[in-house]
Structures are given as C-alpha cells and as structure tokens.
Amino acid sequence: MPIFVQRAQHQRIHTLGMDSLYVSVSTSFCHGSNRLSWMVLAGLYFTGSQVWTVNVGDSRCFLLRDGKLQQISEDQTDEAYMKENGIHGRKPYLTQYMGMDPEEVRVLPYADCLQLKKGDRFLICSDGVSDMVSIEFLETMLLQTQSPAKCVDTILAAALEAGGKDNITVIVLEINR
C-alpha cells in the first residue's frame, strides 16, 4: 500500500500595481516514486475593484462581507451524487483535480468574479481546515480576530486540535481600500 506525503504551499505569486494573485496549492506525491498523484488549487486574483476566485478540487475560498461568511468557490466532488443515492460513510471523491488523465476527462476549473468592498475578508483553505472545523467557527474567527495573521494562527491551531487528518492550509486577506 503506498504512503502519501502531503505538501501545501501558499504565497503571493504576482504583484503588479493593484493586481495580486494569491493561491493555495495542495499536492500529493506517492512516496518513493516522485510521481504526482493529484493536486488541488484554490486562488484569488485581485485586479482593480474586482476579485476572481478559481478552484480545482475541494480547497475552498470564502468571503466574509457584512458579517456573513459565504463560500465563493465550488467543491468539485461527487457529494450531490452521494446524497441523491443515499451513500454515507465516506468523504466525497474529487471529480476534478490537476493530474487527471487528459484522455479520460478534461479539467474544468470553477471561476467567478466579484466586486470588492472595503472591509471584505477572504479565507482560502484546504479541506484539512474545512473538514475539521465548522463554517460557524471560521465565521466567528474572521469576525472577531483583528489581525489576519492571528486569525490564520487560530484557525490552524483549531484544525490541528480537531485531529488534523489532512494537509492544513490557511490564508486570510483583508480589503482596506
């Protein structure tokens, strides 16, 4: 049975004037083979007064606006199929991820564009966060924690304390203009 090693990376990868791209990429490599098994991605691209959200897989982007947290990405899993067919007891399988055989399926990222508003807060996180802590907890932390860095630390600690069963990636951004 192969052992999977999880790696997570997040960084600001582009800055030009007011345009910025933030991404969270989680990859899984089959231990000992250096072969990429799969990769999921969630990101935000800020340009002017807009933000583009994009994801492939089950890492998520959230927006906290006017005191309410909403998911602005789309999980690319078979969760709807599971509900329709009464399937329980397993985590939904990914239906989209980078590394899929291009001869079997075409990867179609989810993308959407939103207008920015002063005070907006964004959270990009891996399923190692969203599976371990509730949306209500995330909303409370984003509302009550002033510093984005402290918010990241608090969410990270809570996900680890809840069991940390998957890679854990957290990015918090705030719009101050």
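Here, every reference points to the structure presented above.
Everything numeric here is computed off the predicted structure, so don't read it as measured data.

The rules we used
- Residues numbered from 1 in each chain as written.
- Predicted model: local features only at pLDDT ≥ 70, side-chain atom pairs only at ≥ 80, totals over all residues.
- Heavy atoms only, no water.
- Buried < 20%, exposed > 50% of the residue type's maximum accessible area, 1.4 Å probe, protein only.
- Helix = DSSP H or I, 4+ residues; strand = E, 2+ residues; numbered from the N terminus.
- Pairing = 2+ DSSP bridges.
- Salt bridge = Lys/Arg side-chain N within 4 Å of Asp/Glu carboxyl O.
- Arc of directions from axis to C-beta.
- Contact = heavy atoms within 4.5 Å.
- Core = buried A, V, L, I, M, F, W, Y, C linked by side-chain atoms within 4.5 Å.
- Phe/Tyr/Trp six-rings, centres within 6.5 Å; stacked < 30°, edge-to-face > 60°.
- Lys NZ or Arg CZ within 6 Å of the ring centre and 35° of its normal.

1. A closer look at the pairing of strand β9 (residues 170-174)
In summary, the side chains of a regular strand alternate between the two faces of the sheet.
Then comes step 1: Counting buried residues in β9 gives four out of five residues, a clear majority hidden from the surface.
Then comes step 2: Here strand β8 (residues 121-125) runs beside β9; their pairing, made up of five bridges, is antiparallel. Note that in β9 the partner of Phe122 across the bridge is Leu173.

2. What about the pattern of salt bridges?
Then comes step 1: Within this structure, the stated rule accounts for 10 salt bridges.
Then comes step 2: With its nearest N and O atoms 2.3 Å apart, the salt bridge here joins Lys91 to Asp127. Here Asp127 lies in helix α2 (residues 127-130) and Lys91 lies in the loop between α1 (79-84) and β7 (110-115), a separation of 36 residues in the sequence.
Then comes step 3: The class for Lys91 is partly exposed, based on a relative accessible area of 38%.
Then comes step 4: Between Lys91 and Asp166 there is a salt bridge, with the nearest N and O atoms lying 3.8 Å from each other. Taken together, the residues span a long stretch of sequence, with Lys91 in the loop between α1 and β7 and Asp166 in the loop between α4 (148-161) and β9 at a distance of 75 residues.
Then comes step 5: One continuous salt-bridge network, built from bridges that share partners, spans Asp58, Lys91, Asp127, Asp131 and Asp166.

3. What about helix α3 (residues 135-144)?
Then comes step 1: All buried positions along α3 are accounted for by Leu138, Glu139, Met141 and Leu142. Projected onto a plane normal to the axis of α3, the buried residues spread over an arc of 165° and lie on a single side. α3 presents Glu136 and Gln144 as exposed residues on the side facing more than 90 degrees away from its buried surface.
Then comes step 2: Tucked inside the fold, the buried residues of α3 contact β5 (60-65), β6 (68-71), β8, α2, α4 and β9.

4. Overview of the nonpolar core
In a soluble, globular protein the nonpolar side chains are often hidden away together inside.
Then comes step 1: Leu123, Val129, Leu138, Leu142, Ile155, Val170 and Val172 are the most contacted members of the largest nonpolar core, which has 19 residues in total.
Then comes step 2: If you list the elements that add at least two residues to this core, you get β5, β8, α3, α4 and β9.
Then comes step 3: Among the elements that make up this core, the one with the highest residue count is α4 (five residues).
Then comes step 4: With residues up to four places along the chain from it excluded, the contact list for Leu138 reads Phe62, Leu69, Leu123, Val129, Val133 and Ile155.

5. A short note on the packing of aromatic side chains
Then comes step 1: Counted under the stated rule, the structure contains one aromatic pair.
Then comes step 2: Here Phe46 and Phe122 contribute two aromatic rings whose centre-to-centre distance is 5.4 Å and whose plane-to-plane angle is 80°, an arrangement assigned as edge-to-face. Placement of the pair is Phe46 in strand β3 (residues 35-47) and Phe122 in strand β8, with a sequence separation of 76 residues.
Then comes step 3: Taking NZ or CZ as reference, Arg90 lies 3.6 Å from the ring centre of Tyr93, over its face.

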